[in-house]
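Each chain is listed here by its residues.
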Amino acid sequence: MQRRFFVSPLLGLVLAAAAIGAGLAADAPAPMAIPHGSKDLSQAVAGTYTLDPNHAGVIARVSHLGFSVSVFRFDKVSGTLEWDPVRTAKSRLTATVQTGSIATNVPGFAEELAGPDYLNAGAFPVATFVSKSFRKRDATHGTVDGTFTLKGRAVPLSFDVTLIGCGPGFAGGPVMGHVIGIHAETRIDPKLFAMGPFFKDPIQLVIDTEFDHKG
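Residues numbered from 1 in each chain as written. Predicted model: local features only at pLDDT ≥ 70, side-chain atom pairs only at ≥ 80, totals over all residues. Heavy atoms only, no water.

Peer 1: Please explain the environment of Ala139 as it appears in this structure.
Peer 2: Summarising the element assignment, Ala139 is placed in the loop between strand E6 (126-136) and strand E7 (141-150). C-alpha separation for the pair Ala139 and Thr162, spaced 23 residues apart in sequence, amounts to 9.4 Å. Those residues in contact with Ala139 that sit more than four places away from it in its chain are Lys39, Leu41 and Leu163. (Helix = DSSP H or I, 4+ residues; strand = E, 2+ residues; numbered from the N terminus. Contact = heavy atoms within 4.5 Å.)

Peer 1: Explain the confidence of the model for the protein here, please?
Peer 2: Note: predicted coordinates in regions of low pLDDT should not be interpreted at a detailed level. Averaged over all residues, the pLDDT of the protein equals 86, while 82% of them reach at least 70. Low pLDDT (under 50) marks residues 1-7, which in the prediction has 0 contacts with non-local residues, meaning those over four places away or in another chain. (pLDDT = per-residue confidence, 0-100.)

Peer 1: How should the environment of Ser133 be read in this particular structure?
Peer 2: The residue Ser133 is located in strand E6 in this model. Taking the relative accessible area as the measure of exposure, Ser133 reaches 22% and is therefore partly exposed. Counting along the chain gives 45 residues from Ser133 to Thr88, while the straight-line C-alpha distance between them is 9.0 Å. In contact with Ser133, not counting residues within four places along its chain, are Thr143, Val144 and Asp145. (Buried < 20%, exposed > 50% of the residue type's maximum accessible area, 1.4 Å probe, protein only.)

Peer 1: Help me understand the pattern of salt bridges in this model?
Peer 2: Close approach of charged atoms allows side chains of opposite charge to pair. Applying the stated criterion across every chain yields a total of 5 salt bridges. Residue Arg135 pairs with Asp145 through a salt bridge whose shortest N-O separation is 2.7 Å. Highlighted residues: Arg135 in strand E6 and Asp145 in strand E7, separated in sequence by 10 residues. Residue classification places Asp145 among the buried residues on the basis of a relative accessible area of 15%. (Salt bridge = Lys/Arg side-chain N within 4 Å of Asp/Glu carboxyl O.)

Okay, here's the thing in structure tokens:
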């Protein structure tokens, strides 16, 4: 008799806990769907995309007197992409880098590079690229031609561009809507921009970034 009296309340507690758990499970939000980029450019909807500064890397790979390659990074970059997936050639890109945001792993060298003997960021605080044409080579590669301006001098420049991924991101959230992620490379001649006697070989510019469209 005592055993039955003990088991019945215990069974009641178990059933009550199960009922509460079932109710909580019913009220729990659905698991978040984690997006993943596609290589299909048709997944990139038309519209105005803004460069995401949280997912952007602008790297300059510079010959160190012919012995090795030094890597400099620019930390402040912005840009706008007017994307037309149907008429790709009609797309437009404008990008800006703050030259004074250069960073290196050599103490004090970034300040020197931003100074008057090199980038002269005080007089020319930004470098810009404005596209003139988009030329598609295959499903994930193309060339963007345009005008690059550094230290007040404008020169024609072409970027080889690779699509990394595109499509809906966290479309319902405040940060990512639709995304186009790219890798781009080009080379500039430092002699065209009076970069001093130490910079003679072509400088490779490497850009990895995402463009976000909130619509």
